[in-house]
Amino acid sequence: MKIIVRDNYKEMSQEAFRLFRESLRDSSVIGFATGSTPNLLYSMISNECRAGNISFKGKSSFNLDEYYPISRGSPESYRRYMEENLFRNIDINRDMINFPDSMMDEDETVRRYLDAYRRSGPVGTQILGIGHNGHIGFNEPGSARDSEIRIVRLSEDTISRNKTRMSMAVTMGIKEIMESTRIILLASGTEKSESIKRAVKGRVTGDVPASFLQEHENTTFVLDREAARLL
Ligand code: GLP
């Protein structure tokens with residue numbers, strides 16, 4: 001795993017954008033994450049795409065996770081976040097956007113997303129954030145290395161930090177995340193420093209799902225100084 005540290009959130013986002021643009025050329029399937037950390041990265045991608053400097057024509061995407069159950073128009077939904085922050089600004093073919101359909105019953109939600117993944121996966125370039133407890137996607141502590149796309153119960157910590165009333169989610173598993181060719185994980189701020197330390201320097205364990213990335217061949221952590229302060 002490679003670690004790049006930049007002075008602040010803006011420079012971290014610029015560095016992540018540089019890596020993303022480089023890797024976009026060779027990736028036909030892009031994995032997107034939600035959360036506040038990739039906000040500026042997504043606005044850079046949007047601007048560069050509008051300016052005609054990058055393009056998503058012919059590319060498809062998968063998103064890591066979504067609350068369950070939730071309608072796609074709900075203010076809390078990750079689908080809506082992606083529409084507003086990225087999808088409506090880029091030239092990706094709408095039919096090529098793969099997203100969990102969180103309105104089906106549990107088995108059907110999982111089956112559909114697994115089917116889509118088996119048809120169109122794995123991911124070439126995966127953008128990741130990290131939770132305060134070391135989660136990636138919604139793979140909470142206790143997730144297994146071979147966990148697949150599934151419905152999960154959110155931890156109390158995640159529910160309170162995400163300020164949500166939702167208690168469940170559908171997420172790609174550690175297995176699918178690890179199948180990505182290239183992973184770019186972003187983290188910013190002191191509140192992420194402990195989970196970054198455990199992910200990078202701790203032992204590889206399902207108690208800190210991001211620690212599995214130590215075993216991935218092409219992962220880069222792009223951090224700001226605050227997130228990297230315990231390394
Ligand atoms: C959520 C998402 C994760 C994301 C994490 C961090 O729980 N499921 O995919 O990485 O939040 O979010 P933020 O970037 O807002 O700190």
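K.L.:
Would you take a moment to explain the overall build of the protein for this structure?
P.N.:
Counting its regular elements, the protein contains 7 helices and 10 strands. Relative to the compact-globule value of 17 Å for 231 residues, the protein shows a C-alpha radius of gyration of 16 Å, a close match. Taken along its principal axes, the extent of the C-alpha atoms in the protein is 40 × 40 × 30 Å. Burial statistics for the protein: of 231 residues in total, 57% are counted as buried. Long-range pairs, those at least 24 residues apart, make up 77% of the contacts in the protein between residues at least 6 apart in sequence. Element-wise, carbon and sulfur atoms account for 43% of the exposed surface of the protein, whose accessible area totals about 10400 Å². Here the protein contributes 33 positive and 33 negative side-chain charges, whose respective centroids are spaced 4 Å apart.

K.L.:
Would you take a moment to explain the packing of helix α1 (residues 9–24) against helix α2 (residues 39–50) for this structure?
P.N.:
A pair of packed helices is captured by two measures, namely the crossing angle of their axes and the spacing between those axes. Between α1 and α2, whose axes approach to 9 Å, the crossing angle comes to 50°. Accordingly, the angle class assigned to the pair α1 and α2 is oblique. Remark: the crossing between α1 and α2 carries right-handed chirality. Of the residues in α2, those touching α1 at Tyr9, Lys10, Ser13, Gln14, Ala16, Phe17, Phe20 and Arg21 are Asn39, Leu40, Leu41, Met44, Ile45 and Glu48. Per-class residue counts for the contact of α1 with α2 are 8 nonpolar, 3 polar and 3 charged.

Calculation notes
- Within each chain, residue numbers correspond to sequence positions counted from 1 in written order.
- Per-residue local features are limited, in this predicted model, to residues with pLDDT of at least 70; the limit for side-chain atom pairs, both in listing and counting, is 80 or more; totals at the level of whole chains, interfaces and linings are taken over all residues.
- Only heavy atoms go into the side-chain values, all of them from the structure, while hydrogens and water stay out.
- Under the scheme used here, helices are H or I runs from DSSP no shorter than 4 residues and strands are E runs no shorter than 2 residues, and both carry numbers assigned from the N terminus.
- Our radius of gyration is a C-alpha quantity, and the globule rule it is checked against amounts to 2.2 Å times the number of residues to the power 0.38.
- Exposure categories follow from relative accessible area, calculated using a 1.4 Å probe and restricted to protein chains: below 20% of the type maximum is buried, above 50% is exposed, and the middle band is partly exposed.
- Here a residue-residue contact requires only that any non-hydrogen atoms of the pair lie within 4.5 Å.
- Note on areas: Shrake-Rupley, 1.4 Å probe, and residue coverage restricted to the protein chains presented here.
- When charges are counted, neither His nor the chain ends are considered; positive counts come from Lys and Arg and negative counts from Asp and Glu.
- Throughout, a charge is located at the NZ atom of Lys, the CZ atom of Arg, the CG atom of Asp or the CD atom of Glu.
- Note on definitions: angles span 0 to 180 degrees between N-to-C directions of axes, and those axes are lines fitted to C-alpha atoms, for helices only across the stretch in contact.
- Any angle that falls under 35 degrees is termed roughly parallel, while one over 145 is termed roughly antiparallel, one within 65 to 115 roughly perpendicular, and all others oblique.
- Left-handed describes a crossing whose near helix is turned anticlockwise from the far helix by less than a right angle; the clockwise case is right-handed.
- Polarity classes work like this: nonpolar for Ala, Val, Leu, Ile, Met, Phe, Trp, Tyr, Cys and Pro, charged for Asp, Glu, Lys and Arg, and polar for all others, with Gly in that last group.

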